[in-house]
There are 2 protein chains.
Amino acid sequence: MAYQNLTMFSKACEYGIKAIIYIASQSMLERRVKIGEVVEHIDSPEAFTAKIVGALVKENIVQSVTGPYGGFYIDKYQMGQITMIDIVTAIDGDSIFNGCGLGLKDCDAEQPCPMHSKFVKVRADLKSMLNSTSIFELAEGLKSGKSTLMR
Amino acid sequence: MAYQNLTMFSKACEYGIKAIIYIASQSMLERRVKIGEVVEHIDSPEAFTAKIVGALVKENIVQSVTGPYGGFYIDKYQMGQITMIDIVTAIDGDSIFNGCGLGLKDCDAEQPCPMHSKFVKVRADLKSMLNSTSIFELAEGLKSGKSTLMR
DNA sequence: TTTATTTAAGATAAATTTGTCTTAAATAAA
DNA sequence: TTTATTTAAGACAAATTTATCTTAAATAAA
C-alpha cells in the first residue's frame, strides 16, 4: 500500500484554497489577478487551477472579469465573511466532516459504526476550525509575510 | 466539483479497518475466518479486500493460514496492542496527520503555510485518537452489539 | 470594427485508486 | 499421492481524480 492522496483535502481543494488566499491577498491591494499570476505564486497547474477557480466563481465566492485587464478578485465586503468551510464544501463537499469515518451510508449515535464516537470530536473540531477561519485572516498572514504558499 | 473520495480515509483503508475489526471480533471467540466470511460481514469487494488484508498480514498485524480450515486471525496477545494508527499508517501512510494541509512539501512552524497553526490541533487530536483506539476495544463494541459494520 | 487578451466550457489524456481475474503456493483430508 | 480448499501474488480492467488542450465568449483598446 502507501497511497498519495491521503492528505486532508483533494488536490483540487488544495489548489483552490491556495488560489483564493493569493487572490484575496491581492484584492486587499485593489489588484485583480490573472490566472497565470495566481499559479506562479501558488505553484499549481494552470488549466486545472483555472477550472477550480472557475467553479468558485460560479459559487459566487470569487468574482471574475474577462478580457484585457480582466482577472479574478474577491469582493472587499465579502472577504471577511468567506471562510474555509465555504471553499472546502464547494470543492470537496461535506463528507469529510459529515460522512461516516468508515464509509457506512447510515451511521449515527443510535446505530453507530465502531469508530463513531471516536470521530465525533475530531470532526466537530475540524468543522469548527474551518468555520471560524476567514479568507481575510489567511490572506493577511500571507501579505504580511508571516506565512507562505510556496515551498 | 463535488468529489467522492473525500472522506477521512481511502476506500482501501476503510475496508482494511472494517476487516480487522471483524477478524478481531471472531478471534476473541477463537475463530479463524475466511475472506468470504469477512466481506459478507463488512459489505466490501472480496478480491480488493483480500489484497488489503494481505498487506496487513505482511505488516504482521494479521495472521493467516492457507489451505482448508485456513483463514485470518489476530494474535490474542497482540490484539490489545494494535491501534488504529498502525492500520491507517500501514495502508494510507502518515500524510493525513503529518503532511501539510495545503500540500506544501515543506511546512513547519518556522515557515508555515497560511493554515499551519489552524491544523496543528486538529491533526494532533486525530493522531492521538487513532493512537489510543485499540482494535480490541472496537471489536468488543461490535461483538457486544453496541456498534455495527453493515448499514 | 478589428484585434488582442482574458475567462468559460468542454473534450481529451494521464495518473491514481478501486476493483476483478487468473495462476501459484500452501495445507489438510481422503 | 491426489484432491479440494484457502491465501498469495500479480496481471488486467474500470472508475475517479488530476491535468492538458482547444475553441468559444466577453471585453478593452486601437
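Scroll up for the structure.
Counting from 1, residues in each chain are numbered in the order their sequence is written. Lettering of chains starts at A and numbering of ligands starts at 1, both following the order in which they are written. Owing to the predicted nature of the model, reporting of local features is limited to residues with pLDDT of at least 70; listing and counting of side-chain atom pairs is limited to 80 or more, with chain, interface and lining totals taken over all residues. Values shown for side chains rest on all heavy atoms present in the structure; no hydrogens or waters enter the calculation.

## Focus on the pattern of salt bridges
When the charged atoms of two side chains lie near each other, side chains of opposite charge can form a pair. The working definition used for a salt bridge is a side-chain nitrogen of Lys or Arg within 4 Å of a carboxyl oxygen of Asp or Glu. Inspection of the entire model under this criterion finds 14 salt bridges over all chains. Between A:Asp108 and B:Arg151 there is a salt bridge, with its nearest N and O atoms 3.8 Å apart. You can see A:Asp108 sitting in the loop between α6 (95–98) and α7 (116–132) and its partner B:Arg151 sitting in the segment after α8 (135–143), one on each of two chains. Looking at A:Asp108, the relative accessible area reads 30%, which means it is partly exposed. In this structure, A:Glu137 and B:Lys118 form a salt bridge, with 2.7 Å as the shortest nitrogen-oxygen distance. Of the two residues, A:Glu137 is situated in helix α8 (residues 135–143) and B:Lys118 in helix α7 (residues 116–132); the pairing between them involves two chains. With a 1.4 Å probe rolled over the protein chains alone, any residue whose accessible area is under 20% of its type maximum counts as buried; one over 50% counts as exposed, and the rest are partly exposed. For B:Lys118, a relative accessible area of 22% corresponds to the partly exposed category. Overlapping salt bridges bring together A:Lys121, A:Asp125, B:Lys121 and B:Asp125 as one network. Starting at the N terminus, helices and strands are each numbered in turn, a helix being any DSSP run of H or I of at least four residues and a strand any DSSP run of E of at least two.

## Describing α8(A)
All names here are of chain A. Along α8, the residues that are buried comprise Ile135, Leu138, Ala139, Gly141 and Leu142. Down the axis, α8 shows its buried residues gathered within 155 degrees of arc, on one side only. In what follows, a contact means two residues having at least one pair of non-hydrogen atoms within 4.5 Å. The inward-facing, buried residues of α8 contact α1 (11–27), α4 (76–79) and α5 (84–92). Following α8 by one or two positions, Gly145 adopts a phi angle in the positive range, close to 85 degrees. Our arc is simply the arc of the directions from the helix axis toward the C-beta atoms.

## Observations regarding the packing of aromatic side chains
Stacked, tilted and edge-to-face are the three classes assigned to paired rings of Phe, Tyr and Trp, where Trp is represented by its six-membered ring and a pair needs centres within 6.5 Å; plane angles under 30 degrees give stacked, over 60 edge-to-face, the rest tilted. Overall, the coordinates contain four aromatic pairs over all chains when judged by the stated rule. Note on A:Tyr15 and A:Phe48: the rings are 5.8 Å apart at their centroids and 90 degrees apart in plane angle, and the pair reads as edge-to-face. Of this pair, A:Tyr15 sits in helix α1 while A:Phe48 sits in helix α3 (residues 46–58), and the two are 33 residues apart along the sequence. Considering the side-chain rings of A:Phe119 and B:Phe9, the 5.9 Å spacing of their centres and the 55 degrees angle between planes classify their relative orientation as tilted. Of the two residues, A:Phe119 is situated in helix α7 and B:Phe9 in the segment before α1 (11–27); the pairing between them involves two chains. What makes B:Phe9 buried here is its relative accessible area of 0%.

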